[in-house]
Structures are given as C-alpha cells and as structure tokens.
Amino acid sequence: MSLTRAQLAPGTEAMETVAPAVDLVLGASACCLACVFTNPLEVVKTRLQLQGELQARGTYPRPYRGFVASVAAVVRADGLCGLQKGLAAGLLYQGLMNGVRFYFYSLACQAGLTQQPGGTVVAGAVAGALGAFVGSPAYLVKTQLQAQTVAAMAVGHQHHHQSVLGALETIWRQQGLAGLWRGVGGAVPRVTVGSAAQLATFASAKAWVQERQWLPEDSWLVALAGGMISSIAVVAVMTPFDVVSTRLYNQPVDGAGRGQLYGGLTDCLVKIWRQEGPLALYKGLGPAYLRLGPHTILSMLFWDELRKLARRGQHQGT
C-alpha cells in the first residue's frame, strides 16, 4: 500500500511520485554531469592522498603542495588535459554507482522504509554499499589513471595504463575477475558512510529550509541549500575512508593479485596511522571538500531538478 502525502516525512514527498527506474536514470545522469565539473579536483585529491605513502612527514619530497599549487603542478606535468585524467572511468563509475544507489534508495522510499526511525540513514547506507560494489572496477581504473604522470612528479605506484578498456583488459588478464574488485573492501565503507550522510542530511536540510519558507518551495535554491549542508557532513565522515580507498586501489600487486602494501581496510588504516600519523587520514582534505562539496551540491541539485521535470511530465501525461 502506498503512503499518502500526509503520511510522508518532510523532504520525501517527491520520492513517491517518481518510479525507481526513473530515479536510476536521473541519479546517474545528475552525478555524471557533476563529475565533468569536479573531475579536475579528483585528480588533485588523488595525488595528494598518495603523496608520502607510508613515509613519516618531512622525510619525502612534496611535488604537490596545497590546492592551487597542486593544480599548477598537474598542468605543468600533464598539460591542461591532465586535469581531466580518468574522466571516462569517472563517468562510468558515477553512472554505475549512483544509478544503483538512487534506484535502491527510491525503492526504500516507495516501500515506506525511510519513514521509520533511522530509516533514511539505513536506506542511504545500504544503497551506497550496493552502488559501490557495482562501480568498484571503474573506480579502480579511475584511481590508477589519475595517479599516472611523468616520473619527476609521480606519487604512488604507476600502472602505465593507456585507456579505460586497456586497463580493464590488463587487470582481467593478469589478476582474473577478482582483480577487478580488488580494493572493494575500502570502497564499500567509503560510499556507505558518504551515501548515508548525503541522502539523510540532504532530505532533512531541504525540509528544514522549506519549513522556514525563506525560499519559494519549488525553487532550485532549496535544493542548493540542502546540498551545501549535506556536503559538509559527507566530507567530514568520508575523507578517511577516501584516503584508504585510494591507497588500496592504487597499490601494486604480486603475481597472485594480492596487494603488496596493504592487506585490506584495517591493515591500511593501521599502517597509515602508525607510519604517517593520524592527520594523514585527512590528506587532501581541501581538494576533497572542493571536489565533494560541489559534486554533492551539483549532483543533488541536478537530481532534484530532473525529478521535478519527470514529475511534471507524469502529471501532463495523466
């Protein structure tokens, strides 16, 4: 039985009027649009997170220093196009991960699960975990492509892939099917906590802004405000897992496909803490916020606006 509008929690009314399959397409499209704008920040963030890997602070060269200097360093080493390294893999990841994520979150809303105490957080977390698993091979390739650069500016292991398809083929040939999901143990917690924070805080923040009637109810500014608040929560909880995920995906592997630096999520966390210090878990925080913040804002804004268009189309068709 579907819920009536009066029974819905604030901020979730719209979810009942858009089919999950439509949300899959809209969510994937919105996040791919956001990815085009934020991918340069992802390149800078990846390099900062790999810089000084398992080395004590002050004992290694730092070709990347701060956000602006790091952008300039990428351009000097790889040209302007270097800021869009890994874009194709990034788009593939965003489409797969967010299509699955928004689809299952929409199903949860349709079933009324998000109306239960803590339901929004749980639904967002589960949907994020499923999306992360499906999109993991694309994120693996994206990370490795974005880390690649000239020897003088290289940080982390260099995989020397020529393209997305070439990378997938190489990994498949050398490591088998399981190799495509290497590092998923770090990606699932990363997206789980990020998705839970994003979807829960976006709905709550948007409802809070609507209740105060500061802005017209159907204005895109309402979604923008919700996305701005949501981005702070996402970055705060997601960055340590983001650093770990980058390390797990980019590490070299032995002949059996096992990581040569880290044995998994816990091992990576412990080694970073002991050898680099606890603050290393927030390496690249500035670019991470500059990337995750706009990406969250843009993706949630695009998604919200596309859903409005979809609802209007449904109403005109009835």
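In this numbering scheme, every chain counts its residues from 1 along its sequence in written order. Predicted model: local features are reported for residues with pLDDT of at least 70 only, side-chain atom pairs are reported and counted for 80 or more only, and whole-chain, interface and lining totals are derived from all residues. The basis for every side-chain value is the complete set of non-hydrogen atoms in the structure, without hydrogens or water.

Novice: Residues and numbers for the overall build of the protein chain, please.
Specialist: Of regular secondary structure, the protein chain possesses ten helices and zero strands. Helix and strand definitions here come from DSSP, where helices need a minimum of 4 consecutive H or I residues and strands a minimum of 2 consecutive E residues; each element is numbered from the N-terminal end. The order of α-helices and β-strands along the protein chain, N terminus first, is α-α-α-α-α-α-α-α-α-α. Taken over C-alpha atoms, the radius of gyration comes to 20 Å for the protein chain, in line with the 20 Å a tight globule of 318 residues would show. Classification of the 318 residues of the protein chain by burial places 52% in the buried group. In the protein chain, the share of contacts with a sequence separation of at least 24, taken over all contacts with a separation of at least 6, comes to 80%. Residue exposure ignores everything except the shown protein chains as possible cover, and the areas themselves are Shrake-Rupley values with a 1.4 Å probe. Put simply, the protein chain shows about 14,000 Å² of open surface, and 66% of that area lies on carbon and sulfur atoms. Atoms counted for the radius of gyration: C-alpha only. Globule rule: 2.2 Å times the number of residues to the power 0.38. Each residue's exposure class comes from its accessible area (1.4 Å probe, protein chains only) as a fraction of the maximum for that residue type: buried when under 20%, exposed when over 50%, partly exposed otherwise. Here a residue-residue contact requires only that any non-hydrogen atoms of the pair lie within 4.5 Å.

Novice: So what's going on with the pattern of salt bridges? Residues and values would help.
Specialist: Salt-bridge detection follows one rule: a side-chain nitrogen of Lys or Arg within 4 Å of a carboxyl oxygen of Asp or Glu. Summed over all chains, the structure comprises eleven salt bridges. In this structure, D78 and R47 form a salt bridge, with 3.0 Å as the shortest nitrogen-oxygen distance. Within this pair, whereas D78 is found in helix 2 (residues 67-78), its partner R47 is found in helix 1 (residues 20-50), the two being separated by 31 residues in sequence. According to the relative accessible area criterion, R47 is buried, its value standing at 0%. A salt bridge links D254 to R258; the shortest N-O distance between them is 3.4 Å.

Novice: Go over the packing of helix 1 against helix 2, please, and point to the residues and values.
Specialist: For the pair helix 1 and helix 2, interaxial distance at closest approach is 10 Å and the crossing angle is 100°. With respect to helix 2, the element helix 1 is oriented roughly perpendicular. Residues L41, V43, V44, R47 and L48 of helix 1 lie in contact with helix 2, whose contacting residues are F67, S70, V71, V74 and D78. Under the scheme applied, nonpolar residues are Ala, Val, Leu, Ile, Met, Phe, Trp, Tyr, Cys and Pro; charged residues are Asp, Glu, Lys and Arg; polar residues are all the others, including Gly. Classifying every residue of the contact of helix 1 with helix 2 gives seven nonpolar, one polar and two charged. A fitted line through C-alpha atoms serves as each axis, taken over the contacting stretch for helices, and the angle formed by two N-to-C directions is quoted from 0 to 180°. The cut-offs work like this: below 35 degrees is roughly parallel, past 145 is roughly antiparallel, 65 to 115 is roughly perpendicular, and the gaps in between are oblique.

Novice: Now, about unusual backbone geometry: what can you tell me, with residues and values included?
Specialist: Residue L54 is not a glycine yet carries a positive backbone phi of 55°. Tracing the sequence through the fold places L54 in the loop between helix 1 and helix 2. The phi torsion at H160 lies on the positive side, around 60°, for a residue other than glycine. Examined against the element boundaries, H160 turns out to sit in the loop between helix 4 (119-147) and helix 5 (164-175). The class of H160 is exposed, set by a relative accessible area of 60%.

Novice: With reference to specific residues and values, describe a nonpolar patch on the surface.
Specialist: Patch members must show over 30% relative accessible area and no salt bridge, and they are joined within 9 Å when carrying like charges or within 5 Å when they are nonpolar side chains of Val, Leu, Ile, Met, Phe, Trp or Tyr. A cluster of nonpolar residues, L92, L96, F133 and V134, forms a patch on the protein surface that exposes about 320 Å² of accessible area. Broken down by secondary-structure element, the contributors of at least two residues to the nonpolar patch are helix 3 (87-110) and helix 4. Residue L96 is classed as partly exposed on the basis of its relative accessible area of 35%.

By themselves, these figures tell us nothing about what the structure is for.
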